[in-house]
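Coordinate inspection notes
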Amino acid sequence: MMGMPRLGRPAMVVAVLAVSWLGVQVSQHWSTLVFVRRLVVSGDPTLQVTQLASLTHAVASATAGRERRPVILAIPGKMGTTWVGHIVHQLLVNGAVVESSRNLMLDSPYPEFGKILLGGALHELDPPYWERPPFNQSGIVTLRTHAMHVDLRGMNATEVDNFRLVTVFRDPAETLLSSWRFTTGIVGVSYTRVPINHFANLLFWAGEIHKLYQNYVDFWARRHHPDVLLLFFDELKEELDVSVRRLAEHLGVDATPAVLAQVSAQSTHTFMSSAENAARFNVPVEVSAQIMRNAGLSAADMAESSEGTAIVRKSTRKSRVSLPASVSAMLQEVWNEIVLKPTGCASVIEMRKRFHAERAERESGH
């Protein structure tokens, strides 16, 4: 009986490399499939909009006729919702010392997490959301959400419906990378096991990138509306004190220079990403545990998902990842398709430069 043919050394090396490559491909695709399955079953995707709609309608009725109108922080995920939400809360409490052990979502919750965190929908609480501190003391009610402008239009909660809006523009590549790390980890799959191009393609085919880009267009068209405040993520990093002052003015908060300085000092990335403030800014245990249970995570998976609950993450050289050329090209192609023509801007950087040039011209009266 003849034996198997013996491979020469070069052929053996090629075979080993081929088997290794195939193993990596199978592993990566399997992890991506596991991630998608868990994400799909981890929560109701309609809950954000339905709960926000109920809350905005209730708040609109409760605050009708008041001089200070409700403010919606309408900031897409991983574009600064936590950062701006914290600054706003700090302004409403006059820069009080941050309660490190109390999660920000208890003071400024997303409507879809009201039942998990507070035992009921925010508009059905007793007292209701808008009659709790600090809103009952400041007279200013703020709502925090990842909803897009199109969602707000659908529930009559825009700048033309007696609401004031705040949004943030961030570079799409940075947003994608941050979302990749967070979204995979929160359902117990390390981002290192899901290739970034897989994640980007999932967002593309689900229409999420198109919707995000349309949100740029929608808010850009309203950038100078008196009831819309447009911030840029890079300015939160580079000129935090300016962003804090603009937020105070938009909210109608009469803050002293000392309060503004205190708020800025307690809103830096260094402050918010420190270990002692992790419990304040990361995903609450109650919320992450519910997501994990919905996703059917095992104890081992839950341990792995802990990396995904870090909302404010320390940045290091080792943790930085560059987008593959194919993903960068896809982001730019969709941008050119949706954003370029109506805005005339080829990037968020161009938007920032043009926005401030226009503001300077408007303020000078020319």
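Numbering of residues starts from 1 in every chain and runs along the sequence as written. Totals for whole chains, interfaces and linings use all residues, but because this is a predicted model, local features are given only for residues with pLDDT of at least 70 and pairs of side-chain atoms are given and counted only at 80 or more. The side-chain figures draw on all heavy atoms in the structure; neither hydrogens nor water molecules are used.

**Describing the overall build of the protein chain**
What counts is decided by this rule: Numbering goes from the N terminus for both helices and strands, where a helix is a DSSP run of H or I of at least four residues and a strand is a run of E of at least two. The buried label applies to any residue whose accessible area, calculated with a 1.4 Å probe on protein chains only, is under 20% of its type's maximum; exposed applies above 50%, and partly exposed to all values in between. By the convention used here, residues are in contact when the closest approach between their heavy atoms is within 4.5 Å. Exposure was quantified through the Shrake-Rupley algorithm and a 1.4 Å probe, taking into account, for residues, occlusion by the shown protein chains and nothing else.
Broken down by element type, the protein chain carries 19 helices and four strands. Looking at the 366 residues of the protein chain, the share that counts as buried comes to 49%. Pairs at least 24 apart in sequence give 78% of the contacts found in the protein chain among residues at least 6 apart. If you sum the accessible surface of the protein chain, you get close to 18,000 Å²; carbon and sulfur atoms cover 57% of it.

**Focus: the packing of helix α18 (residues 325–343) against helix α19 (residues 348–364)**
To be explicit about the condition: Each axis is a line fitted through C-alpha atoms, and for a helix only the stretch in contact is used; angles between axes span 0 to 180 degrees, taken between their N-to-C directions. Note on angle classes: values under 35 degrees are labelled roughly parallel, values over 145 roughly antiparallel, values of 65 to 115 roughly perpendicular, and the remainder oblique. Whether a crossing is left-handed or right-handed is set by the direction in which the near helix is turned from the far one by less than a right angle, anticlockwise for left-handed and clockwise for right-handed.
Contact geometry of α18 with α19 gives a least axis separation of 12 Å together with a crossing angle of 15°. Classified by the interaxial angle, the pair formed by α18 and α19 is roughly parallel. You can see that α18 and α19 cross each other, and the crossing is left-handed. Two secondary-structure elements touch here, α18 through Trp335, Val339 and Thr343 and α19 through Val348, Met351 and Arg354.

**Notes on α18**
To keep it simple, the criterion reads: Each residue is assigned a bend, namely the angle between axes fitted to the seven residues that terminate at it and the seven residues that start at it.
Helix geometry: α18 is bent most strongly at Asn336, by close to 50°. Along α18, the positions that sit buried rather than exposed are Val327, Met330, Leu331, Val334, Trp335, Ile338, Val339 and Thr343. Just beyond α18, the residue with positive phi is Gly344, at close to 75°.

**Details of the sheet that holds strand β4 (residues 228–232)**
By definition, the strands of a sheet pair up through backbone hydrogen bonds, in either a parallel or an antiparallel sense. Just so we agree on the cut-off: For two strands to count as paired, DSSP must find a minimum of two bridges between them.
Pairing is parallel in the open sheet, where four strands are placed in the order β2-β1-β3-β4. Each of the sheet's edge strands pairs with one partner strand only, and the pair in question is β2 (142–145) and β4. Neighbouring strand axes in the sheet, compared pairwise and without regard to direction, differ in orientation by 20° on average. By the bridge criterion, three bridges tie strand β1 (residues 71–74) to strand β3 (residues 164–169) in an arrangement that is parallel. The residue of β3 that forms the bridge with Leu73 is Val166. Of the strands in this sheet, β1 and β2 touch helix α2 (residues 47–62), which is tilted by about 170° from β2.

**As for the pattern of salt bridges**
What counts, and what does not: By definition here, a salt bridge exists when the distance from a side-chain nitrogen of Lys or Arg to a carboxyl oxygen of Asp or Glu is within 4 Å.
On inspection of all chains with the given rule, the structure shows 14 salt bridges. Taking the shortest distance from any N to any O, the salt bridge between Asp107 and Arg102 comes out at 2.8 Å. Owing to a relative accessible area of 9%, Asp107 belongs among the buried residues under this scheme. You can call Arg102 partly exposed: its relative accessible area is 30%. Its salt-bridge partner being Lys211, residue Asp151 comes within 3.5 Å of it at the nearest N-O pair. Taken together, the residues span a long stretch of sequence, with Asp151 in helix α7 (residues 149–154) and Lys211 in helix α10 (residues 208–220) at a distance of 60 residues. You can call Asp151 buried: its relative accessible area is 13%. Put simply, Glu235, Glu238, Glu239 and Arg352 are held in one network by salt bridges that share partners.

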